[in-house]
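Report on the structure
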Amino acid sequence: MPPQIVVVGSMNMDLVAHMTRLPRPGETLHGSDFQTIPGGKGANQAVAAARLGARVTLIGRVGNDSFGNTLRQTLSESGVEVKHVLISPDCSSGVALISVDATGANSIVVVAGANGQLSPADIHERADVIRAADALMIQLETPVETIAAAIEIARGSGVRTILDPAPAPSTGLPPELMSVDLISPNQTEAEALTGIAVKDLPSAELAARQLQQNGAAEVVLKLGELGSLVCDAAGRVQHVPARSATIVDTTAAGDAFTAGLAVALSEGQPLAEAARFGGAAGTLACTVFGAQPAMPTRAAVEQFLQ
Ligand code: RIB
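**What about unusual backbone geometry?**
- The residue after alanine 166, namely proline 167, is reached through a cis peptide bond having omega -5 degrees.
- Mapped onto the elements of the fold, proline 167 is located in the loop between strand E10 (160-163) and helix H6 (175-178).
- Backbone geometry at alanine 252 places phi at a positive 75 degrees, although glycine is not the residue there.
- By the element assignment, alanine 252 lies in the loop between strand E14 (237-240) and helix H9 (253-266).

Here it is as C-alpha cells:
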C-alpha cells in the first residue's frame, strides 16, 4: 500500500524569466524566455511526492482566477487529491517572480495572495484528513498559526511531521513550529534559523545540533552539491553525498528533496537512505527547467541511484 501524505501548503503561479546573471539593486537587465509555470512550495512537494509513489492530498487555498484554476488542474493531473484546495473569492492566487541565471541559480519573490488566507479553521475542519495520513508535510508560505494547527493535530495522532522551513524568517520560528519529527532546511535556511553560517560539514553539524536543541527531533540539512547531513534522534550524524548532474535550473530542487525524504521515510526506509533518495530527487529536479515540470518520477530516481 503506498504511503498517504498530506501537504498543508502553498500554490503559486511562477512567473519565470531567464537572464545571463541576476540583476543588482537598481539595475535593469534584458531577460528572455518568459514562462508561467505552476509552482509554490506546498504544491511542488505534493506533485513530487505523488510522482514518487505516495497518495497525496493537498490542503491549501487559491484565488478565484485563471491561475487558481490552472494550479488546481495541474495538481490533479499529477495525481494529487485537490478536494481540499479551497477557493478564496476575494483574493488573487499566489504568485512567485523568479529570475534564473545562466548557471541555473535563481532569486524568488513570493506574493502570498490566497495562500495567506489559509486559516487554522480550514485546518481544524480537515483534521481527519491529517489524522489519517502517514506523514504531514509543511513549509512556510502559509500563515504560522495555520501551520501550527496542522502540526498540533498531526502530533496528537502520531502522524510524522516534516517541516521544510522555507522561506525561513530571520527572526526564527516559534517553538510550536520547531517541535516537529523532522526539519529539512537548506544552508541559507539553517543559517537564518540558527545564526550559524553553514559553509562545510562541521558547520552543518553545528547547525543541525542547534536545530535539535530548538525542538526538532531529526534534521536533514540540504547542502546542494555536497549532498546532505543527517542527524537522527539519537544524535548520530552522517554525511550523505550527492551524485552530480548537469544543472539547468535549481528552482524547487529543495521541494523535490524533501518530498523524496518524506516518501522514503513513510515507506520505512532509514533516515540516511531516505536522504539519499531525496537527494537524488533534488538533483534530478535541477536538470529540468521550472518547478512542477521538474519534479521527477520514481522510475527516474531509482534509475539515477543505480
Ligand atoms: O521552491 C520553489 C518555489 O518557491 C517556487 O515554485 C515558487 O513558487 C516559490 O514558492
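From this point on, the discussion continues.
**Things to note about the pairing of strand E9 (residues 135-138)**
- The two faces of E9 match: Ala135 and Met137 on one face and Leu136 and Ile138 on the other face are all buried.
- Bridge count for strand E1 (residues 4-8) against E9 is four bridges, and the pairing is parallel. Looking across to E9, one finds that valine 7 is bridged to methionine 137.
- Handedness of the β-α-β unit built from E9, helix H5 (residues 144-156) and E10 comes out right-handed.

**Remarks on helix H1 (residues 41-51)**
- Among the 11 residues in H1, 10 count as buried, and that is most of the element.
- Buried within H1 we find Lys41, Gly42, Ala43, Asn44, Gln45, Ala46, Val47, Ala48, Ala49 and Ala50.
- Directly after H1, the chain includes glycine 53, whose backbone phi takes a positive value near 115 degrees.

**Looking at the site of the ligand**
- The ligand sits among 13 residues. The nearest are Asp14, Gly40, Lys41, Glu141 and Asp255.
- Measuring from an oxygen atom of the ligand, one finds a side-chain N or O atom of asparagine 12 at 3.1 Å.
- The contact in question runs from an oxygen atom of the ligand to an N or O atom on the backbone of glycine 40, over 2.9 Å.
- A total of 280 Å² of accessible area belongs to the ligand in isolation, and the protein chains cover 97% of it.

Rules used in this analysis
- Residues numbered from 1 in each chain as written.
- Predicted model: local features only at pLDDT ≥ 70, side-chain atom pairs only at ≥ 80, totals over all residues.
- Heavy atoms only, no water.
- Helix = DSSP H or I, 4+ residues; strand = E, 2+ residues; numbered from the N terminus.
- Buried < 20%, exposed > 50% of the residue type's maximum accessible area, 1.4 Å probe, protein only.
- Pairing = 2+ DSSP bridges.
- Right-handed = clockwise from strand over helix to strand, strands pointing away.
- Near = heavy atom within 4 Å.
- Polar contact = N/O pair within 3.5 Å; in protein donor to acceptor, adjacent residues only side chain to side chain.
- Areas by Shrake-Rupley, 256 points an atom, 1.4 Å probe, with all protein chains shown as cover.

Functional significance is not addressed by these values, which are geometric in nature.
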